[in-house]
Amino acid sequence: MNDPNNRRSEVRHPVHLEVDCSAGGSGDTFLYAYITDISSMGIFIRTDTPLPVGTRLELGFTPPGSKDEPQGRRLELTGEVMWNTTGQANAAPGMGVRFHVPW
């Protein structure tokens, strides 16, 4: 089960969540895209227009609710593009984003 090709230390969970992404804090670049997997450290955003590595993002999405809170609560987070699929053949278009931790 330990795949040496998997560099991730956090478990990823498949999801399909809409996400709003604003780059650079100026709002110049705004994407409506989908999160296709999530972990405690970051997300993969499926988009036909992935942003360059190093781009800082403001993210907004609503994870599914629970039995105690059926609607879920909208999260507003920041992150950074760590990799993208630009130029990769046979890869789903998108980008890996690591969350910024506020401490």
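Please refer to the structure placed before this passage.
Residues numbered from 1 in each chain as written. Predicted model: local features only at pLDDT ≥ 70, side-chain atom pairs only at ≥ 80, totals over all residues. Heavy atoms only, no water.

### Things to note about the pairing of strand β3 (residues 42-46)
β3 sits mainly inside the fold: 4 of its 5 residues count as buried. Examined bridge by bridge, strand β2 (residues 29-38) and β3 share 4 bridges and lie antiparallel to one another. The residue of β3 that forms the bridge with I35 is I45. Following β2, the chain reverses through 3 residues before pairing antiparallel with β3. Two strands pair when backbone bridges link them, and β3 and strand β6 (residues 94-99) are joined in this way by 5 bridges, in the antiparallel orientation. Residue pairing in the sheet places F44 in a bridge with G96 of β6. (Buried < 20%, exposed > 50% of the residue type's maximum accessible area, 1.4 Å probe, protein only. Helix = DSSP H or I, 4+ residues; strand = E, 2+ residues; numbered from the N terminus. Pairing = 2+ DSSP bridges.)

### Regarding the packing of aromatic side chains
Tallying each qualifying case throughout the model produces 1 aromatic pair. With 5.5 Å between their ring centres and 25° between their planes, F44 and W83 make a pair best called stacked. Of this pair, F44 sits in strand β3 while W83 sits in strand β5 (residues 75-84), and the two are 39 residues apart along the sequence. Exposure remark for W83: the relative accessible area of 30% places this residue in the partly exposed category. (Phe/Tyr/Trp six-rings, centres within 6.5 Å; stacked < 30°, edge-to-face > 60°.)

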